[in-house]
Amino acid sequence: MKALIHRAFGDPAEVLAVEERPLPEPGPGEVRVRMLLSPIHNHDLWTVRGTYGFKPELPAASGTEALGVVDALGDGVDQLTVGQRVVTGGTFGVWAEYFVARAAALIPVPDALPDEAAAQLVSMPFSAISLIESLGLNEGDWMLQNAANGAVGRMVAQLGAARGLNVVGLVRRAAGVEELRAQGIERVVATDDAAWRDRLAEFTGGAPIRVGVDSVGGRSAGDVLAALAENGTLVVFGAMASPTLELSSGDIIFKQATVKGFWGSVVSREMPAEQRGRLFQELFARVQDGTLTLPVASVHPLSDIAAAVAASDTPGRVGKVLLRA
């Protein structure tokens, strides 16, 4: 079979190449899957560069999320059938024509869900809904997030609204406000406006903001914290602009605020099976009723990985870049 392999860490467009590899055989409790589509995530590219928390041994496979079709079953696997469509979001080495995954890591996909939506359902949408689930918010509560025009930010806004939460998003420029409004997301404030805090207050009407989600770092994290109510919680989800947080000690002390992190892969791994299944059913329903949108920017064959990486790195891209086997 063909697979994307890198023999050195570096620029993914330069070090990733298609190589021939033996067809893998599933062991006990495992399944061989024929890959259909796989999204390119930032963490996939960081892994290839050697800058992520997980650093594989070289030569290394690549990719972590994929939609595929069950091709062969290992001993003891009775909950899946050959020919069934499945997705996985935590299986390393899926950028290949075939890959082997733990049966427990595969989620069957409803027939009504299109391939392009199913292929990107796990990593980002599941992180978004797991994040919302972890916040302990009730219907009618207010939350604030920065990087609102990022993929996860958009999903949090859509999924949060579907649960009856009041989600306000911060973006850096006015163009981001219009971009999100075009997708039906109205509560968005651009921080390049000197009066952005007044605009935020207009949205909330003075209601307390219980939770803030920071995906940017630096000064932006402090802006989110400053907007929180007393006993509010700042959840650090990412660090797009800076690996450090610029937080006011006064805000932390006098608001009696809590600052904590959220790492989706750990949350997913430790989540009870019943809760995990319930959240996936919610995601399936939200995609099918149009509440959650999962646009695709472009689709590339494995052999076109350099162009796919360039497309994924394009500023202002709307939608995921997918690889197909």
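In the block above lies the structure referred to throughout.
This section reports on the structure supplied with the text. Remember, predicted model here, so these are calculated numbers, not experimental data.

Let's shift gears to the overall build of the protein chain. Helices and strands together make up the secondary structure of the protein chain, namely 12 helices and 15 strands. Relative to its length of 325 residues, the protein chain is compact, with a C-alpha radius of gyration of 20 Å against a globular reference of 20 Å. With the C-alpha coordinates aligned to their principal axes, the bounding extent of the protein chain is approximately 60 × 40 × 35 Å. Among the 325 residues that make up the protein chain, the fraction classed as buried is 49%. Per element, the accessible surface of the protein chain, about 14,600 Å² overall, is 51% carbon and sulfur. Side-chain charges in the protein chain split into 28 positive and 37 negative, and the spacing between the mean points of these groups amounts to 1 Å.

A separate point is the pairing of strand β5 (residues 85-88). Across the two faces of β5 the burial is the same, with R85 and V87 and V86 and T88 all buried. Relative to strand β7 (residues 107-108), β5 runs antiparallel, the two sharing 2 bridges. When the sheet's bridge partners are listed, V86 is paired in β7 with P108.

A few words now on unusual backbone geometry. With an omega of -10°, the peptide bond running from L58 to P59 counts as cis. Position of P59 relative to the elements: it lies in the loop between α2 (42-49) and β4 (66-73). Of note in the backbone geometry, N231 takes a positive phi value of approximately 65° without being a glycine. In this fold, N231 is placed in the loop between α8 (218-227) and β12 (233-236). With a phi close to 50°, Q256 is a non-glycine residue in the positive phi region. One can find Q256 in the loop between α9 (249-254) and β13 (258-261).

Further remarks concern helix α4 (residues 122-134). Over its 13 residues, α4 extends 17 Å from the first C-alpha to the last, a length consistent with the 18 Å expected when each residue adds 1.5 Å. Counting buried positions along α4 yields 11 of 13 residues, so the element is predominantly enclosed. All of the buried residues in α4 are V122, S123, M124, P125, F126, S127, A128, I129, S130, L131 and I132. Taken from the residues just after α4, G136 is the one with a positive phi, measuring 70°.

Quick look at the pairing of β13 now. Two elements, β12 and β13, share 4 bridges in a ladder whose sense is parallel. Across the sheet, residue V236 finds its bridge partner in β13, namely G261. The β-α-β motif built from β12, the intervening α9 and the parallel element β13 has right-handed crossover chirality.

Moving on to the packing of α4 against helix α11 (residues 273-288). At a closest axis distance of 10 Å, the pairing of α4 and α11 adopts a crossing angle of 115°. One finds that α4 runs roughly perpendicular with respect to α11. Here α4 and α11 pass one another in a crossing that is right-handed. Within the contact between the two elements, α4 uses V122, P125, F126, I129, S130 and E133 and α11 uses Q275, R276, R278, L279, F280, E282 and L283. Split by residue class, the contact of α4 with α11 holds 7 nonpolar, 2 polar and 4 charged.

Those residues of helix α6 (residues 174-181) that fall on the buried side of the exposure criterion are G176, V177 and L180. Buried residues in α6, looked at end-on, bunch into an arc of 105°, giving them a common side. The inward-facing, buried residues of α6 contact α5 (151-162), β9 (166-171) and β10 (188-190).

This next bit is on the sheet that holds β13. If you trace the 6 strands from one edge of the open sheet to the other, you get β10-β9-β8-β11-β12-β13, paired in parallel fashion. The open sheet is flanked by β10 and β13, the only strands paired with a single partner. With strand direction ignored, the average angle separating the axes of adjacent strands in the sheet is 20°. Relative to strand β8 (residues 142-145), α5 is tilted by about 170°, and along the sheet it contacts β8 and β9.

Reading the values: rules and limits
- Residues numbered from 1 in each chain as written.
- Predicted model: local features only at pLDDT ≥ 70, side-chain atom pairs only at ≥ 80, totals over all residues.
- Heavy atoms only, no water.
- Helix = DSSP H or I, 4+ residues; strand = E, 2+ residues; numbered from the N terminus.
- Rg over C-alpha atoms; globule rule 2.2 N^0.38 Å.
- Buried < 20%, exposed > 50% of the residue type's maximum accessible area, 1.4 Å probe, protein only.
- Areas by Shrake-Rupley, 256 points an atom, 1.4 Å probe, with all protein chains shown as cover.
- Lys, Arg positive; Asp, Glu negative; His and termini not counted.
- Charge placed at Lys NZ, Arg CZ, Asp CG, Glu CD.
- Pairing = 2+ DSSP bridges.
- Expected span 1.5 Å × (residues − 1).
- Right-handed = clockwise from strand over helix to strand, strands pointing away.
- Axes fitted to C-alpha atoms, helices over the stretch in contact; angles between N-to-C directions.
- Parallel < 35°, antiparallel > 145°, perpendicular 65-115°, else oblique.
- Left-handed = near helix turned anticlockwise from the far one by under 90°.
- Contact = heavy atoms within 4.5 Å.
- Nonpolar A, V, L, I, M, F, W, Y, C, P; charged D, E, K, R; others polar.
- Arc of directions from axis to C-beta.

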